[in-house]
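So the chains spell out like this:
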Amino acid sequence: MNRASVARAPGIQVFDLLLICSNKTTKKGYAVKLVRLLPALFALSCLPALAADDGAKLIAKYNCLGCHAVDHKIVGPAYKDVAARYRGQKGAEAMLMQEVRAGTKGKWGGPVAMPPQQISDTDLKVIVQWILAQK
Ligand code: HEC
């Protein structure tokens, strides 16, 4: 639609034009709002997953997975077995933090010792809490 045709039948066409424009603006407005909202929505929807994944990411980062899996024994015990053994025990979290840091041998009956691990307190706490939550 060009200006000439608007000029020829101003009544209807200007009205139409306004309608189209306002529709477009509204749609675009919504689109812009939606696009701005998307990252926020995305972040929100990821929050629970992120929290749940933290421990999983950290055990990958610290190479615990070379010797451990959640649901089966590799060299070290399955994390769900570790959880089953200690969950609900008083002081289990602190004890496991200490054991992971210092390394252990003989507690799980295997010939292999768990070597000492160098992990920050913060990460180790997240990891141990995550291990204790495995089922
Ligand atoms: C070289 C192999 C190896 C690596 C790497 C390893 N572990 Fe282990 N882990 C073991 C073995 C073997 C045991 C069982 C030791 C025992 O019988 O006392 C064990 C035991 C454990 C236990 C149970 C301790 C207890 O007191 O019952 C936890 C928890 C654990 N590991 C966490 C970790 C975490 C977290 C990491 C990474 C930061 C890690 N392990 C890396 C081999 C390993």
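Everything below is about the structure shown above.
All values reported here derive from a predicted model rather than from experimental measurement.

A few points about the overall build of the protein chain
Point 1. When its secondary structure is counted, the protein chain shows 5 helices and 0 strands.
Point 2. Going from the N terminus to the C terminus, the protein chain shows its helices and strands as α-α-α-α-α.
Point 3. Within the span of the protein chain, comprising 135 residues, buried residues form 11% of the whole.
Point 4. Expressed as a percentage of contacts within the protein chain between residues at least 6 apart in sequence, the contacts between residues at least 24 apart total 53%.

Section: the environment of Q118
Point 1. Within the fold, Q118 resides in the loop between α4 (92-102) and α5 (121-132).
Point 2. Remark: the alpha-carbon pair of Q118 and Y62, spanning 56 residues in sequence, is separated by 8.6 Å.

Brief notes about the environment of I74
Point 1. Of note, I74 is situated in the loop between α2 (10-61) and α3 (79-86).
Point 2. Discounting residues that sit within four places of it in the chain, I74 has contacts with C67, H68 and A69.

Points about the site of the ligand
Point 1. In the vicinity of the ligand there are 27 residues, among which C64, C67, G76, W108 and M114 approach most closely.
Point 2. When residues of the shell around the ligand are traced back to their parent elements, those giving at least two are α4 and α5.
Point 3. Per element, the largest residue contribution to the shell around the ligand is 3 residues, and it comes from α4.
Point 4. Of the residues in the shell around the ligand, the class split is 16 nonpolar, 8 polar and 3 charged.

Things to note about the nonpolar core
Point 1. In this structure, I59, Y79, V82, A83, L96, L124, I127, V128, W130, I131 and L132 together form the largest nonpolar core, which totals 11 residues.
Point 2. For this core, the secondary-structure elements that each account for two or more residues are α3 and α5.
Point 3. Those residues in contact with I131 that sit more than four places away from it in its chain are G55, Y79, V82 and A83.

A look at unusual backbone geometry
Point 1. The phi torsion at N63 lies on the positive side, around 60°, for a residue other than glycine.
Point 2. Checked against the element boundaries, N63 lands in the loop between α2 and α3.
Point 3. Taking the C-beta count within 10 Å as the criterion, N63 has 10 such neighbours and is therefore assigned exposed.

Scoring rules and cut-offs
- Residues numbered from 1 in each chain as written.
- Predicted model: local features only at pLDDT ≥ 70, side-chain atom pairs only at ≥ 80, totals over all residues.
- Helix = DSSP H or I, 4+ residues; strand = E, 2+ residues; numbered from the N terminus.
- Buried ≥ 20, exposed ≤ 12 C-beta atoms within 10 Å, placed from the backbone.
- Contact = placed C-beta atoms within 7 Å.
- Near = placed C-beta within 6 Å.
- Nonpolar A, V, L, I, M, F, W, Y, C, P; charged D, E, K, R; others polar.
- Core = buried A, V, L, I, M, F, W, Y, C linked by C-beta atoms within 7 Å.

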